[in-house]
Amino acid sequence: MFRKFAFSILIVIAAVCANAAWSQSVADVVVERNVVMKTRDGVSLRADIYHPAGNGKYPVLLERTPYNKAGAEDFERSAALRGYLVVVQDVRGRYASEGDWYPFKYEMNDGYDAVEWAAALPNSNGKVGMWGGSYVGATQMLAAISHPPHLAGICPVVTASNYHENWTYQGGAFEQWFDESWTSGLAQDTANRALRGQTNAMIGSSVLPLKNYPVFNLAVPHDPAELTKQLAPYFEDWADHTEYDSYWKQWAIDENYASIQVPALTIAAWYDIFQGGSLLNFQGLKAHAGNENARSQQRLLVTIGGHAGGGRMIGSVDFGPAAAEYDEHALTLTWYDYLLQGKQNEFATQKVKIFVMGVNQWRQEDSWPLERAKETRYFLHSEGKANSVTGNGSLSTAAAKQEQADSYVYDPAAPVPTVGGPLCCDPEHLPAGPRDQKTVEARPDVLVYSTPPLDHDVEVTGPVTLDLFATSSAVDTDFTGKLVDVGPDGFARNLTEGILRARYRDSRTEVKPIEPGKAVEYKIDLWSTSNVFLKGHSIRLEVSSSNFPRFDRNLNTGKSAATDSAIVKATQTILHDADHPSALILPVVPK
């Protein structure tokens, strides 16, 4: 680990030596490096600029990134050759740009300033579009909220609608794997920056014996948690602000759709960690964007993997040749050819395009969610032993009458492991996407409910909800749900999933403990999918109380795992009878 850390330091130090702006021309594309923009508060942000050779005026494509502008250049050069002025800027506190890094904090003002600066560049025609995914999508949404006059459009790819509910938390649970792995990646550049200027050999020159020479003039804390506070103070803030409070509201996207006044191509993905927020952004902007032109020119494309991967092979599943047709860069250029250059291409008429899994085909739609989809309840049934795939749990559209409840023990010390799903940002250690859930479904603390093998295809496209009636022996706990497609060979492919922390079942702003032993109804958002359950396949639901380390473990004590470590086991009872009609609610598309 130390060698990797040191190597990255050397790379950054080398990059610092090249901070002076310079330009080059290759194959009719002029590239200007490290061009400085001053923010309204005097911070220097640096950008690389690509444009066609000559003195022409071109629409601008702007990307603002925390991931190092000095990356791949294929898109930038191809866009310049297509008649765009391309600007890629390191956001505040990252890589070549100055200032302090803190996620989301500066993106509204800095984004506004960057758009207006780019619009005034010598080769600009004054029209600016933004592009990019994940946090780069956040820089677009936050800039658009500040509505800079020269912003003409955005193209946010796999990004969130709220940085509390579908970025840092979900259903009240901390998105532990993403929050920690993303923070660890971000902290590398912060650590490198902290070491710059801390290499004065004179300070250590009098040290004896010579082998004790300190290579850096920097005190490193012995406690790793203290180092986290120094390099990533925002992580502690995220963990402290468990409820949706003013900390999160200051940069909420979903509370500010009316402030966004430009068209958007929103790209989402079924297995993406921000799928829920991406779809909400499309719906919110279509209904509430600041003017009719913006509302009428909202477009949506939903692909498969997102952060979980690209191409036709995602996770353990081959989605066929149609999946390989997805080309984010080509779509971005086609979108801006339509929006900024007036070309009448597919986006002139195409409003929604989705990839339908199972049949593995692309399909155009008029809206999202699909108006023709019928909300269908698949009720939970069993003889009181739905534990694991060998139990007697079943799903049916017939309502339950008098049935025994199902029970299991949730032990935070032995949580249900995360196997695939919508994950980011360390696939080497926790692979994402669709994967066989057989190891999960073998556990006694996972309840499994399945239909018999289907005698015809069933398409499920749209939002999925688990309406669950349950009791717990604890004052607080979690309930999880996962929709699974089971093939004739037994391969259990996860489709979409969700979690709900009991104390936040009614509100993300207030805590409401549960009364041990009292039946409570939980409406668990499993996000959305589009999948045809083929003839011979089964529709399956998994119910449990943990999905770790994707989500933090509920301690079952009512206290936060951010500040406490004491745990208790909880006995969970899932009710499914006439008075407690637990059901998986699926949007079934009629043939």
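Scroll up for the structure.
Computed from a predicted model, the values in this text were never measured in an experiment.

1. Some thoughts on the overall build of the chain
Link 1 in the chain: In terms of helices and strands, the chain carries 13 helices and 26 strands.
Link 2 in the chain: Over its C-alpha trace the chain gives a radius of gyration of 26 Å, about what one expects of a compact globule, namely 25 Å for 591 residues.
Link 3 in the chain: The 591 residues of the chain split such that 56% are buried.
Link 4 in the chain: In the chain, 74% of the contacts between residues at least 6 apart in sequence involve partners at least 24 apart.
Link 5 in the chain: About 24000 Å² of surface is accessible on the chain, with carbon and sulfur atoms providing 53% of the total.
Link 6 in the chain: Distance from the positive charge centre (52 side chains) to the negative charge centre (69 side chains) of the chain: 2 Å.

2. Comments concerning the state of the cysteines
Link 1 in the chain: Counted by the stated rule, this structure contains 1 disulfide.
Link 2 in the chain: In this model cysteine 424 forms its disulfide with cysteine 425; the gap between the sulfur atoms is 2.0 Å. Taking the sign of the S-S torsion, 90 degrees for the link of cysteine 424 and cysteine 425, the bridge is right-handed.
Link 3 in the chain: Note on cysteine 424: relative accessible area 10%, which makes it buried.
Link 4 in the chain: For cysteine 155, which is in no disulfide, the shortest distance to another cysteine sulfur is to cysteine 424 and amounts to 18 Å.

3. Looking at empty space enclosed by the protein
Link 1 in the chain: For the structure shown, the criterion picks out 2 cavities of 30 Å³ or more.
Link 2 in the chain: Approximately 120 Å³ is the volume attributed to the largest cavity.
Link 3 in the chain: What lines the largest cavity is a set of 17 residues, and nearest its centre among them are Thr480, Lys482, Glu542, Ser546 and Asn547.
Link 4 in the chain: For the lining of the largest cavity, the class distribution of residues is 7 nonpolar, 7 polar and 3 charged.
Link 5 in the chain: Put simply, the second largest cavity is a space of about 70 Å³.

4. A look at the pairing of strand β23 (residues 520–533)
Link 1 in the chain: Of all 14 residues in β23, 11 are buried, a share of seventy percent or more.
Link 2 in the chain: Looking at chain direction, strand β20 (residues 458–472) and β23 are connected through 12 bridges and run antiparallel. Each bridged residue has a counterpart across the sheet, and for proline 463 the counterpart in β23 is serine 528.

5. What about the pattern of salt bridges?
Link 1 in the chain: Enumeration over the complete set of coordinates arrives at 30 salt bridges.
Link 2 in the chain: For arginine 92, the salt bridge is made with aspartate 41, and the minimal N-O distance between the two is 2.9 Å. Of this pair, arginine 92 sits in the loop between β5 (85–90) and α3 (107–119) while aspartate 41 sits in the loop between β2 (29–38) and β3 (44–52), and the two are 51 residues apart along the sequence.
Link 3 in the chain: What makes arginine 92 buried here is its relative accessible area of 7%.
Link 4 in the chain: Its salt-bridge partner being arginine 493, residue aspartate 485 comes within 3.5 Å of it at the nearest N-O pair. Here aspartate 485 and arginine 493 have matching classes, each one buried.
Link 5 in the chain: Three or more residues are tied together by salt bridges with common partners; here these are Arg33, Asp48, Lys69, Glu73 and Arg77.

6. Re the side chain of serine 472
Link 1 in the chain: Of note, serine 472 is situated in strand β20.
Link 2 in the chain: Within the local environment of serine 472, its side chain forms a polar contact with the side chain of glutamine 572, the two groups lying 2.7 Å apart.

7. Digging into unusual backbone geometry
Link 1 in the chain: Cis geometry is adopted by the peptide bond preceding cysteine 425, which originates at cysteine 424 and carries an omega value of 25 degrees.
Link 2 in the chain: Looking at where cysteine 425 falls in the secondary structure, it is placed in the loop between β18 (406–410) and α13 (438–441).
Link 3 in the chain: With an omega of 15 degrees, the peptide bond running from phenylalanine 548 to proline 549 counts as cis.
Link 4 in the chain: Relative to the assigned elements, proline 549 resides in the loop between β24 (538–544) and β25 (570–575).
Link 5 in the chain: Non-glycine residue tryptophan 527 carries a positive phi angle of around 65 degrees.
Link 6 in the chain: Of note, tryptophan 527 is situated in strand β23.
Link 7 in the chain: On the basis of relative accessible area, tryptophan 527 is assigned to the buried category, the value being 8%.

8. What to know about the packing of helix α6 (residues 176–195) against helix α8 (residues 233–240)
Link 1 in the chain: Packing of α6 against α8 brings their axes to within 10 Å, and their N-to-C directions diverge by 160 degrees. Relative to α8, the element α6 lies roughly antiparallel. Pair α6 / α8 crosses with right-handed handedness. Each of Asp179, Glu180, Trp182, Thr183, Leu186 and Ala187 in α6 lies in contact with α8, whose residues at this interface are Tyr234, Phe235 and Trp238.
Link 2 in the chain: Residue composition of the contact of α6 with α8, by class: 6 nonpolar, 1 polar and 2 charged.

9. Side note on the layout of surface pockets
Over the atoms, a rolling probe the size of a water molecule traces out where space has been left empty.
Link 1 in the chain: One number sums up the size of the second largest pocket: a volume of about 740 Å³.
Link 2 in the chain: Sorting the residues of the lining of the second largest pocket by element identifies β4 (58–65), α2 (74–81), β6 (124–133), β10 (264–269) and α12 (328–341) as the ones contributing at least two each.
Link 3 in the chain: Across the lining of the second largest pocket, the residue classes break down as 16 nonpolar, 14 polar and 7 charged.

10. Focus on a nonpolar patch on the surface
Link 1 in the chain: Together, Leu218, Val220 and Leu227 give the surface a local cluster of nonpolar side chains, amounting to about 230 Å² of exposed area.
Link 2 in the chain: Within the secondary structure layout, valine 220 lies in the loop between α6 and α7 (224–231).

11. Things to note about the packing of aromatic side chains
Link 1 in the chain: Overall, the coordinates contain 30 aromatic pairs when judged by the stated rule.
Link 2 in the chain: Arranged with centres 5.4 Å apart and planes meeting at 65 degrees, the rings of tryptophan 101 and tyrosine 135 form a pair that is edge-to-face. With a gap of 34 residues between them, tryptophan 101 in the loop between β5 and α3 and tyrosine 135 in helix α4 (residues 135–145) connect regions that are remote in the sequence. The two residues tryptophan 101 and tyrosine 135 agree in class, both being buried.
Link 3 in the chain: When the ring centre of tryptophan 527 is taken as reference, the NZ or CZ atom of arginine 550 above it lies at 6.0 Å.

12. Describing the nonpolar core
Link 1 in the chain: Among the nonpolar cores identified, the biggest contains 88 residues, and Tyr522, Ile539, Ile574 and Leu584 are the most heavily contacted of them.
Link 2 in the chain: The element best represented in this core is α12, accounting for 7 residues.
Link 3 in the chain: When near neighbours in sequence (up to four residues on either side) are disregarded, leucine 584 contacts Thr376, Arg377, Tyr378, Leu380, Leu395, Val464, Thr465, Leu466, Leu483, Leu526, Ile539 and Leu541.
Link 4 in the chain: The next biggest cluster of nonpolar side chains, apart from the first, holds 60 residues, and it includes Leu45, Ile145, Ile253 and Phe274.

13. As for the environment of tyrosine 67
Link 1 in the chain: Inspection of the secondary structure puts tyrosine 67 in the loop between β4 and α2.
Link 2 in the chain: According to the relative accessible area criterion, tyrosine 67 is partly exposed, its value standing at 36%.
Link 3 in the chain: Along the sequence, tyrosine 67 and valine 136 sit 69 residues apart, while their C-alpha atoms lie 8.8 Å from each other.
Link 4 in the chain: Here tryptophan 182 takes part through its side chain, which lies 2.8 Å from a polar atom of the side chain of tyrosine 67.

Rules used throughout
Residues numbered from 1 in each chain as written. Predicted model: local features only at pLDDT ≥ 70, side-chain atom pairs only at ≥ 80, totals over all residues. Heavy atoms only, no water. Helix = DSSP H or I, 4+ residues; strand = E, 2+ residues; numbered from the N terminus. Rg over C-alpha atoms; globule rule 2.2 N^0.38 Å. Buried < 20%, exposed > 50% of the residue type's maximum accessible area, 1.4 Å probe, protein only. Contact = heavy atoms within 4.5 Å. Areas by Shrake-Rupley, 256 points an atom, 1.4 Å probe, with all protein chains shown as cover. Lys, Arg positive; Asp, Glu negative; His and termini not counted. Charge placed at Lys NZ, Arg CZ, Asp CG, Glu CD. Disulfide = S-S within 2.5 Å. 1 Å grid on protein atoms, 1.4 Å probe; cavity = no way out; pocket = protein on both sides within 12 Å on 5 of 7 lines; lining within 4 Å. Points joined across faces, edges and corners; volume = space filled by probe spheres on them. Nonpolar A, V, L, I, M, F, W, Y, C, P; charged D, E, K, R; others polar. Pairing = 2+ DSSP bridges. Salt bridge = Lys/Arg side-chain N within 4 Å of Asp/Glu carboxyl O. Polar contact = N/O pair within 3.5 Å; in protein donor to acceptor, adjacent residues only side chain to side chain. Axes fitted to C-alpha atoms, helices over the stretch in contact; angles between N-to-C directions. Parallel < 35°, antiparallel > 145°, perpendicular 65-115°, else oblique. Left-handed = near helix turned anticlockwise from the far one by under 90°. Patch = residues over 30% accessible without salt bridge, like charges linked within 9 Å, V, L, I, M, F, W, Y side chains within 5 Å. Phe/Tyr/Trp six-rings, centres within 6.5 Å; stacked < 30°, edge-to-face > 60°. Lys NZ or Arg CZ within 6 Å of the ring centre and 35° of its normal. Core = buried A, V, L, I, M, F, W, Y, C linked by side-chain atoms within 4.5 Å.

From the geometry alone we can't say anything about function, so treat these as descriptive.
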